[in-house]
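Residue strings, one per chain:
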Number of protein chains: 2
Amino acid sequence: MLRLEQGLLLECGQHLAPLDIAYRTYGTLSAARDNAILVCHALTGDQYLGDTHPLTGKPGWWSRMVGPGLPIDTDRFHVICINVLGGCMGSTGPRSIGPRGEPWGTEFPPITIRDMVRAQALLLDHFGIERLFAAIGGSMGGMQVLEWVATYPERVFAAMPIATAPFHSAQNIAFNEVSRQAIFADPEWHAGRYWAHDAVPARGLAVARMMAHITYLSEEALTRKFGRRVRRDPKASAGSTPGGTIGTASLFGEMFEVESYLRHQGSSFVRRFDANSYLTITRAMDYFDLSAEHEGDLSAPFRGVATRFCVVSFSSDWLFPTSQSRLMARALNRAGVNVSFVEIESDRGHDAFLLDEPDLDRTVRGFINGAAEHAGLKAAH
Amino acid sequence: MLRLEQGLLLECGQHLAPLDIAYRTYGTLSAARDNAILVCHALTGDQYLGDTHPLTGKPGWWSRMVGPGLPIDTDRFHVICINVLGGCMGSTGPRSIGPRGEPWGTEFPPITIRDMVRAQALLLDHFGIERLFAAIGGSMGGMQVLEWVATYPERVFAAMPIATAPFHSAQNIAFNEVSRQAIFADPEWHAGRYWAHDAVPARGLAVARMMAHITYLSEEALTRKFGRRVRRDPKASAGSTPGGTIGTASLFGEMFEVESYLRHQGSSFVRRFDANSYLTITRAMDYFDLSAEHEGDLSAPFRGVATRFCVVSFSSDWLFPTSQSRLMARALNRAGVNVSFVEIESDRGHDAFLLDEPDLDRTVRGFINGAAEHAGLKAAH
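Keep in mind it's a predicted model, so treat the numbers as computed, not measured.

Parameters and conventions
- Residues numbered from 1 in each chain as written.
- Chains lettered and ligands numbered in written order.
- Predicted model: local features only at pLDDT ≥ 70, side-chain atom pairs only at ≥ 80, totals over all residues.
- Heavy atoms only, no water.
- Least-squares fit on C-alpha atoms with pLDDT ≥ 70 in both.
- Contact = heavy atoms within 4.5 Å.
- Phe/Tyr/Trp six-rings, centres within 6.5 Å; stacked < 30°, edge-to-face > 60°.
- Lys NZ or Arg CZ within 6 Å of the ring centre and 35° of its normal.
- Salt bridge = Lys/Arg side-chain N within 4 Å of Asp/Glu carboxyl O.
- Helix = DSSP H or I, 4+ residues; strand = E, 2+ residues; numbered from the N terminus.
- Buried < 20%, exposed > 50% of the residue type's maximum accessible area, 1.4 Å probe, protein only.
- Buried area = accessible area lost by both parts, 1.4 Å probe.
- Polar contact = N/O pair within 3.5 Å; in protein donor to acceptor, adjacent residues only side chain to side chain.
- Domains from an automatic or database assignment.

1. Some details on the relation of the copies chain B and chain A
Least-squares fitting of chain B to chain A yields an RMSD of 0.0 Å, with the transformation described by 0.0 Å of translation along the axis and a rotation of 180°. Given the turn and translation reported, the copies of this chain are related as if by a two-fold rotation axis. Here 100% of the contact residues of chain B are again contact residues in chain A; the copies associate through an equivalent surface.

2. Remarks on the packing of aromatic side chains
Under the defined criterion, the tally for this structure stands at 32 aromatic pairs over all chains. Aromatic pair W61(A) and W62(A): ring centres 5.5 Å apart, planes at 15°, arrangement stacked. Ring centres 6.4 Å apart and planes at 75° place the aromatic pair Y194(B) and W195(B) in the edge-to-face group. Through successive ring pairs, a cluster of aromatic residues spans F175(A), W318(A), F175(B) and W318(B). Above the face of the Y152(B) ring, R155(B) is positioned so that its terminal group lies 5.7 Å from the ring centre.

3. With respect to the pattern of salt bridges
Pairing is possible between side chains that carry opposite charge, provided their charged atoms lie close to one another. Counted according to the given criterion, the structure contains 45 salt bridges over all chains. A salt bridge links D359(A) to R362(A), with the nearest nitrogen and oxygen atoms 2.4 Å apart. On the criterion of helical spacing, the pair formed by D359(A) and R362(A) is a turn pair, its members being three residues apart in helix 11 (residues 358-375). Taking the relative accessible area as the measure of exposure, D359(A) reaches 33% and is therefore partly exposed. Across the pair R3(B) and D20(B) runs a salt bridge whose closest N-O atoms are separated by 2.7 Å. With R3(B) in strand 1 (residues 2-4) and D20(B) in strand 4 (residues 19-21), this pair connects stretches of sequence that are 17 residues apart. For R3(B), a relative accessible area of 45% puts it in the partly exposed group. Connected via shared salt-bridge partners are E177(A), R180(A), R283(A), D286(A), E259(B) and R263(B).

4. Things to note about the interface of chain B and chain A
With 64 residues of chain B in contact, the opposing surface of chain A contributes 64 residues. Together, the buried faces of chain B and chain A total about 5400 Å²; carbon and sulfur atoms form 70% of this surface. Two residues, E177(B) and R263(A), come together in a salt bridge whose shortest N-O distance is 2.6 Å. Counting across the interface, chain B meets chain A through 16 residue pairs in polar contact (both at pLDDT 80 or more). No other element matches the 11 residues that helix 3 (residues 170-184) of chain B contributes to the side of chain B that touches chain A.

5. Here's the deal with the domain arrangement of chain A
The parts lose accessible area when they come together, and the size of an interface is often stated as this lost area. All names here are of chain A. Assigned domains of chain A: these are domain 1 (23-82 + 131-167 + 290-375) and domain 2 (172-278). Each side of the interface is counted separately: domain 1 has 14 residues, and domain 2 has 17 residues. Viewed at the interface, domain 2 and domain 1 are joined by one salt bridge. Linking D347 and R224 is a salt bridge whose minimum nitrogen-to-oxygen distance equals 2.4 Å.

The structure is reproduced here in structure tokens:
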């Protein structure tokens, strides 16, 4: 973790200091400092990309993609993953102590994707890394990749935005807003001061996560995984329960497997994530719009940019549909940028970028190796 | 409203008595009692199909479809709309007084779509209507139409299931489950006994409605209606607020128009709907599966059925996609049933069946008039 006392001037005008930046690195930075790959994490991700998560004990979220001999080969590249500004795994966020000597909570300043990127740039400055060999990320991580090139075009040699979009759509915003309202509706949220009440808005955050999780999966994936299979409802079998028959939402003492799966997703999430971080980060995503400062022209931020792009989407992703990635690829084309666009056939929806998708592995490996050759990087030692 | 003291034996095995059935009728029942059209309402609909709603003061939910000279012509047909069993507009439901002399609440027995249909059949018996000329409905109303023919094939001459499915998909169930969890998470729900606390789980029910509302609209419709347009956040302009900057989910004192729209949808809904009814009815939808008793064979319930079908879907409906309607139409075909299938091009999503869609009007008018001719009904008097 790096602490920068000088802090960061945010887009909203507030000056955030000190600034903590929590990160993990994998592989070795070359003497020329030219082999750094920044992997940007998604909304609920964190810097534990390649090693065991300290809270869940689970393997890193992209450990199948990043490691020795893997598509992002740590024998060759120095991989950096940074907990985003506003997060809750060590970087400055709503849980950090603010000017009043207590957690910022809801008084944490509103941040943007660009603020996240500028905080990451400060860490690279600290490492003396002038230029990233590559920036790669999925979903909100892809937004950061796009913002990296838009903000620091000369600092990114190759960029791979995966399953993302150049702006948040009305439907994206709508889902985020409902998840925020679910958190606000939880009395344990205490207007954001739950820490002061030894409370956690667990039920509201769980509902938010459950809803979001549906949007990460395709209908096909849900049907294949669960269909309409039912299982015994533990509550119902426990006899009379708060809520009774409807309360456990069970009929004949059964519940659908997809229900118990979502409940598990919700309850496990609240053990590792902070509600105010969820509010802060979803808001940053909603405000993301690369064309906002350019009268809606998505090409403008990328004119004359030398960064090589590979834009990746998944055919069954309805949260960040292929149409959005294609829009981005076309705008890059119009800007004269070197861009390739790959739609990967998958029926697993948005989450495909986190799952075992051989086509994604091949695409990542091919793009990185091709770019490395172009950059004249020496092969794995 | 009809009260049947003998009540109804439910599929779950419980005997529900007395049974109240609230309904509205439009037009005149012919002497031969052969011109009755049953219109079945959706999850949050009710019997106020063609006249002003007593709680909202708004026009009937299908007043543009049903009336003198309209596609469902009340100069010619006798239209009946019945508040579903488990509802909250007069028919027996969780809000009714149960055996303990207090509202049933969550102890209201779990009901099924077939239970709803069997309650409706009792009302028709009371009217001496042996056979419906037609049964028509969208979404859950369409499930009732399908169940009507499956349960009482000889009692329905023509059937028009619109924007519906022969069973609830894993994704449908998942969204319903999250909406239920949102209600359970509201402390004002009081394990379903909110009436005893002079409370209403308004925030949980509003969150449930907000989420459901997103699924009723297409991404295109949301983009066209709201895009990324922002407006002043009333909370933010009111200065410091509970939740502060993140709490109002606003940046620079703005909010997205789609957010204020959804908040309005949520808050207006809770004034007219009962939370326990929402739980009861969503559960009934989740358990709907026409093939459940037939080893997955969707054709089985319809073999040898003389009812004429017109199955209707909307191209941008992702909650009850065209693929589900096509599945139903093909199963009816395999069963040798007279069925036509129409996919209406619309970018308004699932809600299209409630909106001004000229193609839907033409389809409804054409199917009804054609069937009337076939039935030898005399023309409008």
